[in-house]
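Coordinate inspection notes
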Amino acid sequence: MIPKRLSIKGKAHKVFENLLKQDFTAEKKNIKCCTDFTYTHLFNGSLRYNCLILDLYDRSIAATKTTNYLTTDLAIETLNEALGVTILLDQVKFK
């Protein structure tokens, strides 16, 4: 059975300008990246959510994280992994 609510309520997010403007090419590594969220149904009926960051230069995966819930924390943790940064989530502030 699929639950009615696929995510839990989290922190509000900021909407950013579309800087790529559909240009998904890059001349060097670590210049342009995209992200994608997806979910997978497990045999026990539960869902797992995955966030990945793709480097557009060579289409390599810069980082990927999987959790039980789809939250902004998943996106922040995946970005921090891609950047090689360790930041406590309670220290992140959005303007």
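Figured I'd write up the structure that's included with this text. (Residues numbered from 1 in each chain as written. Predicted model: local features only at pLDDT ≥ 70, side-chain atom pairs only at ≥ 80, totals over all residues. Heavy atoms only, no water.)

Below, the discussion takes up the side chain of D55. Residue placement: D55 occurs in strand β2 (residues 47-55). At a separation of 2.9 Å, a polar atom in the side chain of D55 contacts the main-chain amide nitrogen of Y57. Those residues in contact with D55 that sit more than four places away from it in its chain are K29, N30, K32, C33 and S60. (Helix = DSSP H or I, 4+ residues; strand = E, 2+ residues; numbered from the N terminus. Polar contact = N/O pair within 3.5 Å; in protein donor to acceptor, adjacent residues only side chain to side chain. Contact = heavy atoms within 4.5 Å.)

We now examine the side chain of T72. Tracing the chain through its elements places T72 in helix α1 (residues 72-83). With a relative accessible area of 19%, T72 lands in the buried category. (Buried < 20%, exposed > 50% of the residue type's maximum accessible area, 1.4 Å probe, protein only.)

Next up on the list: the sheet that holds strand β3 (residues 60-67). By way of backbone hydrogen bonds, the strands of a sheet pair with one another, either parallel or antiparallel. Overall, antiparallel pairing links the three strands, which are arranged β1-β2-β3 in an open sheet. Only two strands of the sheet have a single partner each, and these edge strands are β1 (33-41) and β3. Each neighbouring strand pair of the sheet contributes to a mean axis angle of 20°, computed without reference to strand direction. Bridge count between β1 and β2: nine bridges; the pairing is antiparallel. What sits directly across from T38, in β2, is N50. Helix-sheet contacts for α1 involve β1, β2 and β3, and the interaxial angle to β3 is about 145°. (Pairing = 2+ DSSP bridges. Axes fitted to C-alpha atoms, helices over the stretch in contact; angles between N-to-C directions.)

This part takes up the environment of S46. Of note, S46 is situated in the loop between β1 and β2. On the accessibility criterion, S46 (28% relative accessible area) is partly exposed. Sequence separation between S46 and N68 is 22 residues, and the spatial gap between their C-alpha atoms is 8.4 Å. Among all residues touching S46, those that are not within four sequence positions of it are T40 and H41. Looking at S46, its side chain comes within polar contact range of the side chain of N44, at 2.7 Å.

Before going further, it helps to examine the pattern of salt bridges. As enumerated under the stated definition, the model contains five salt bridges in all. D55 serves as the salt-bridge partner of K29, at 3.8 Å between the closest nitrogen and oxygen. Of the two residues, K29 is situated in the segment before β1 and D55 in strand β2; the sequence distance between them amounts to 26 residues. For K65, the salt bridge identified is with E81, shortest N-O distance 3.6 Å. One end of the pair, K65, is in strand β3; the other, E81, is in helix α1, and 16 residues separate them in sequence. By relative accessible area, which is 29% here, K65 ends up partly exposed. Connected via shared salt-bridge partners are K29, D55 and D58. (Salt bridge = Lys/Arg side-chain N within 4 Å of Asp/Glu carboxyl O.)

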